[in-house]
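Chains, contacts and geometry: an overview
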Amino acid sequence: MAKIVTMTSGKGGVGKTTSSAAFGTGLALRGFKTCIIDFDVGLRNLDLIMGCERRVVFDFVNVINGEAKLSQALIKDKRVENLYILPTSQTRDKDALSKEGVEKILDELKKEFDYIVCDSPAGIEKGAQMALYFADEAIIVTNPEVSSVRDSDRILGVIQAKSRRAEQGLEPVKEHLLLTRYDLERVEKGEMLKVDDVLEILAIPLLGIIPESPAVLKASNVGMPVVLDDKSAAGQAYADAVARFLGEKVEHRFMKPEKKGFFDRLLRRSA
C-alpha cells in the first residue's frame, strides 16, 4: 500500500528540499516507485535540485485546477528508474492548494506509486499544513541549533493535533528525526547541540545524521540529488537513512571524529 511521507521543518534553510530529493531518490534506488511533490507554491526549488527545471511544462497547481492531467505534469527522472517529480507553481500563492484538490491528486498517485514524498514548506502556513495533513509518516528535518530544534518541536505538535490521522482517530503519524548540517568540530567547541541534546528535546526516533559537507552544495548546483554521490559522507548518510526507514539495522555514522593516524597527526603538527 502506498505511503505518504512528508519532509517538514519548523525553520527554513535546514536542507529540507535537499533531503526530499535525496530521500526520494534513495527509495527509488532501492526499487520502490517514488514520486516527490513540491508543496512550496511560489518558490519551487525541488525541480532545480532534481535537475529538471527546463522540463517543467505543467505543475501541481495546474492539475488541481483542472488545467492539465496528472500524467502531463509528472516528470520522469532520467537517471533513476521508478523516480518521478511533480513540480509546483512559481507564480501562484499558497491559497492555490485546496484540501480537496490535494487529496484527489494524492489518491490518484497512490494507485501507481509505492511512496509519495512531500517536500513541505517550512513552518505552519497553508502549504505546510496541506503536506502534513495527509502524511502517513513525517520526517522532521532540523539543524543542531536551538532555534531550529525549538521550531521543530512546534511542528510535532501540529502533526499530533491537526493531521488527518489525528482527526480520524487512526494510528498516529509515524515521526522520524533527520539531523542535517552536523559539524563535529563545532559540536566539540560547544557551538552546536550534540545529538543527545536534540533527541532529549524532540524525543522522536533518529533516522539519520547528515554531516556538513561541500558535496551537498556541489550536488545542488549541478541539479543532482546528493545521494547519487555515494563517495561523499552526505550521500552515504542519506543512503543509511533510507535503509533505516525501510526497517534495516544500520549503525549511525558521522557522530564521532575520525581517528587520525600517525602521519595525519604528524602533518597537522607541521602545518
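Refer to the preceding data block for the structure.
The structure contained in this document is the topic of the report that follows. (Residues numbered from 1 in each chain as written. Predicted model: local features only at pLDDT ≥ 70, side-chain atom pairs only at ≥ 80, totals over all residues. Heavy atoms only, no water.)

A tally of regular secondary structure across the chain gives 13 helices and eight strands. Here the chain has a C-alpha radius of gyration of 19 Å; the compact-globule value for 271 residues is 18 Å, and the two agree. When its C-alpha atoms are laid out on the principal axes, the chain stretches across 65 × 40 × 35 Å. Across the 271 residues in the chain, those meeting the buried criterion constitute 51%. Residue pairs at least 24 apart in sequence account for 74% of intrachain contacts in the chain once pairs closer than 6 positions are excluded. Approximately 13,500 Å² of the chain is accessible, and the part contributed by carbon and sulfur atoms is 49%. Once the 40 positive and 41 negative side-chain charges of the chain are each reduced to a mean point, those two points are 3 Å apart. (Helix = DSSP H or I, 4+ residues; strand = E, 2+ residues; numbered from the N terminus. Rg over C-alpha atoms; globule rule 2.2 N^0.38 Å. Buried < 20%, exposed > 50% of the residue type's maximum accessible area, 1.4 Å probe, protein only. Contact = heavy atoms within 4.5 Å. Areas by Shrake-Rupley, 256 points an atom, 1.4 Å probe, with all protein chains shown as cover. Lys, Arg positive; Asp, Glu negative; His and termini not counted. Charge placed at Lys NZ, Arg CZ, Asp CG, Glu CD.)

The next thing to look at is helix H12 (residues 233–245). With 13 residues, H12 should reach 18 Å at 1.5 Å per residue; the first-to-last C-alpha distance of 18 Å fits that figure. Summarising burial for H12: ten of the 13 residues are buried, a large majority. Among all positions of H12, only Ala 234, Gly 235, Ala 237, Tyr 238, Asp 240, Ala 241, Val 242, Ala 243, Arg 244 and Phe 245 are buried. Directly after H12, the chain includes Gly 247, whose backbone phi takes a positive value near 95°. (Expected span 1.5 Å × (residues − 1).)

The N-to-C vectors of helix H1 (residues 16–29) and H12 enclose an angle of 60°; their axes lie 9 Å apart at closest approach. With respect to their mutual orientation, H1 and H12 come out oblique. Of the two elements, H1 crosses H12, and the hand of that crossing is right-handed. Two secondary-structure elements touch here, H1 through Thr 18, Ser 19, Ala 22, Phe 23, Gly 26 and Leu 27 and H12 through Tyr 238, Ala 241, Val 242 and Phe 245. Partitioning the contact of H1 with H12 into residue classes produces seven nonpolar, three polar and no charged. (Axes fitted to C-alpha atoms, helices over the stretch in contact; angles between N-to-C directions. Parallel < 35°, antiparallel > 145°, perpendicular 65-115°, else oblique. Left-handed = near helix turned anticlockwise from the far one by under 90°. Nonpolar A, V, L, I, M, F, W, Y, C, P; charged D, E, K, R; others polar.)

Counting buried residues in strand S7 (residues 174–182) gives seven out of nine residues, a clear majority hidden from the surface. Pairing geometry for strand S6 (residues 137–142) and S7, over six bridges, is parallel. Looking across to S7, one finds that Ile 140 is bridged to Leu 177. Direction of pairing for S7 relative to strand S8 (residues 206–211): parallel, over a ladder of four bridges. The residue bridging Tyr 182 from the neighbouring strand is Pro 211, located in S8. (Pairing = 2+ DSSP bridges.)

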